[in-house]
Amino acid sequence: MICREQDGAFVMIKQHEHGRLAGEFAASFKEEQVPVPRRRAEVLRAISNHDRGWIDLDETPFWNDAEGAPYSFIDFPVVPKLTFYRRGLNEIEADTLYGALLCSLHFERLIEVSGEENPELNNYLKDEAERRARIHRELEQNADPIGEAELYYDARLLQFCDDLSLYLGLNEPGSPKSEEHPWWTDGFSGSEDFSFTSGRIITAEWQDASTLLLEPFPFTREVEVAFKLRRVSQREIADKGIARAYQETPEEECRITVTPRPEKSV
């Protein structure tokens, strides 16, 4: 679950909803940056489904007593999280070998960035290294080997679209730059590797509550997206518990237009 606190409520977004949104961003990425044609459909499916392991978990949120808030993808306990990571990757692999390779690398990077240490994490990383080696062998046997540059680019595409989708969930639309989530204070890490940026990092800023400005602009056109969320009252949680309060809170639709930052007049 993606979760942030606002005005006496927890704004909650399902992880798979966030993944679907990331897939929409990937489908609109600049033409010169899209995956190689023979893998495009696989890459887009992988990006859209990279968090599908959370689908069942997000049906009923869990309460974190220590934090006085619902568990989110950031602080969810390691052992069950890894179990559902594996489950999601198994489902992706059944659909696309290359997509599973890409998503496995993505989760390894997230674990490395988190700096967590746990015996179960070591086992998970070992198992996933074996998964990726097996997928490489299978693709080579099928005369469909993976180029290093191709995999690096597609991993960057997944990382950026994941980050941009998270940006919409973890920041209140229309909030000032001074209140931006700290993960993106310096822009979207890794975005400077895309050729169209000329080495610049893509940055974001809200124009208003329904418009997000990006520079350099990564899409072929202005992109309008919609995603569902729930604003779960803290008072309702105290009265009914997190599970019932969440289920009884209706979903809202949030619509955002992502557009280029206007050029500054001279």
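Summarised in this report is the structure supplied together with it. Since the structure is predicted, the reported quantities are computational estimates derived from the model, not experimental observations.

Let us look at the sheet that holds strand 2 (residues 9–13). Reading across the sheet, the 6 strands line up as 1-2-7-8-6-5 and stay open at both edges, with mixed pairing between neighbours. In this open sheet, the two strands that pair with only one neighbour each are strand 1 (2–6) and strand 5 (203–208). The sheet shows a mean angle of 35 degrees between the axes of neighbouring strands, direction not considered. Bridge count between strand 7 (residues 223–233) and strand 8 (residues 252–260): 7 bridges; the pairing is antiparallel.

Geometrically, a pair of aromatic rings is defined through the distance of the ring centres and the angle of the planes. All told, the structure shown has 23 aromatic pairs when counted by the stated rule. Relative to Phe 76, the ring of Phe 62 lies with its centre 5.8 Å away and its plane at 70 degrees, an arrangement referred to as edge-to-face. In this pair, Phe 62 is assigned in the loop between helix 2 (40–49) and strand 3 (63–64) and Phe 76 in the loop between strand 4 (69–70) and helix 3 (78–95), connecting sequence segments 14 residues apart. Note on Phe 62: relative accessible area 41%, which makes it partly exposed.

With that settled, consider the environment of Phe 188. Examined against the element boundaries, Phe 188 turns out to sit in the loop between helix 6 (148–170) and strand 5. Its relative accessible area of 1% is what places Phe 188 among the buried residues. In this structure the C-alpha to C-alpha distance between Phe 188 and Phe 217, which are 29 residues apart in sequence, comes to 12 Å. The residues touching Phe 188, leaving out its near neighbours within four places in the chain, are Phe 160, Asp 163, Leu 164, Tyr 167, Ile 201, Ile 202, Thr 203, Ala 204 and Leu 214.

Below, the discussion takes up the packing of helix 3 against helix 5 (residues 119–141). Where helix 3 contacts helix 5, the two axes come as close as 10 Å, and the packing angle between them is 10 degrees. In this view, helix 3 runs roughly parallel relative to helix 5, as classed from their interaxial angle. Contacts between helix 3 and helix 5 involve Val 78, Val 79, Leu 82, Tyr 85, Arg 86, Leu 89, Asn 90 and Glu 93 from the first element and Glu 120, Leu 121, Asn 123, Tyr 124, Asp 127, Glu 128, Arg 131, Arg 134 and Ile 135 from the second. Counted by class, the contact of helix 3 with helix 5 contains 8 nonpolar, 2 polar and 7 charged residues.

Okay, the pairing of strand 1 next. Regular strands place their side chains on alternate faces of the sheet. When you tally the buried positions in strand 1, you get 4 out of 5 residues, the bulk of the element. Here 5 bridges tie strand 1 to strand 2, and the two strands are oriented antiparallel to one another. The residue of strand 2 that forms the bridge with Glu 5 is Phe 10. Following strand 1, the chain reverses through 2 residues before pairing antiparallel with strand 2; Asp 7 in that reversal takes a positive phi of roughly 50 degrees.

Moving on, we come to the pattern of salt bridges. Considering all chains together, one arrives at 27 salt bridges under this definition. Between Glu 93 and Arg 131 there is a salt bridge, with the nearest N and O atoms lying 2.7 Å from each other. Taken together, the residues span a long stretch of sequence, with Glu 93 in helix 3 and Arg 131 in helix 5 at a distance of 38 residues. For the residue pair Glu 93 and Arg 131, the accessibility class agrees, reading buried in each case. Connected through salt bridges with shared partners, the residues Glu 93, Glu 128, Arg 131, Arg 134 and Glu 138 form a single ionic network.

Between its first and last C-alpha, helix 5 extends 33 Å over 23 residues, near the 33 Å set by a 1.5 Å rise per residue. Buried within helix 5 we find Leu 121, Tyr 124, Glu 128, Arg 131, Arg 132, Ile 135 and Leu 139. Looking at the buried residues of helix 5, the elements they touch are helix 3 and helix 4 (97–114). For helix 5, the capping residue at the N-terminal end is Asn 118, with a side-chain oxygen 2.7 Å from the backbone nitrogen of Glu 120. Once helix 5 finishes, Ala 143 follows within two positions and takes phi at roughly 55 degrees, a positive value.

The next thing to look at is the packing of helix 1 (residues 15–27) against helix 6. In contact at an axis separation of 8 Å, helix 1 and helix 6 are set at 125 degrees when each is read in the N-to-C sense. With respect to helix 6, the element helix 1 is oriented oblique. Taken as a pair, helix 1 and helix 6 cross one another with a handedness that is right-handed. Counted together, His 18, Leu 21, Ala 22, Phe 25 and Ala 26 of helix 1 and Leu 157, Cys 161, Asp 162, Leu 164, Ser 165, Leu 166 and Leu 168 of helix 6 form the full contact between these two elements. When the residues that make up the contact of helix 1 with helix 6 are grouped by side-chain class, the tally is 9 nonpolar, 2 polar and 1 charged.

Definitions and cut-offs
- Residues numbered from 1 in each chain as written.
- Predicted model: local features only at pLDDT ≥ 70, side-chain atom pairs only at ≥ 80, totals over all residues.
- Heavy atoms only, no water.
- Pairing = 2+ DSSP bridges.
- Helix = DSSP H or I, 4+ residues; strand = E, 2+ residues; numbered from the N terminus.
- Axes fitted to C-alpha atoms, helices over the stretch in contact; angles between N-to-C directions.
- Phe/Tyr/Trp six-rings, centres within 6.5 Å; stacked < 30°, edge-to-face > 60°.
- Buried < 20%, exposed > 50% of the residue type's maximum accessible area, 1.4 Å probe, protein only.
- Contact = heavy atoms within 4.5 Å.
- Parallel < 35°, antiparallel > 145°, perpendicular 65-115°, else oblique.
- Nonpolar A, V, L, I, M, F, W, Y, C, P; charged D, E, K, R; others polar.
- Salt bridge = Lys/Arg side-chain N within 4 Å of Asp/Glu carboxyl O.
- Expected span 1.5 Å × (residues − 1).
- Polar contact = N/O pair within 3.5 Å; in protein donor to acceptor, adjacent residues only side chain to side chain.
- Left-handed = near helix turned anticlockwise from the far one by under 90°.

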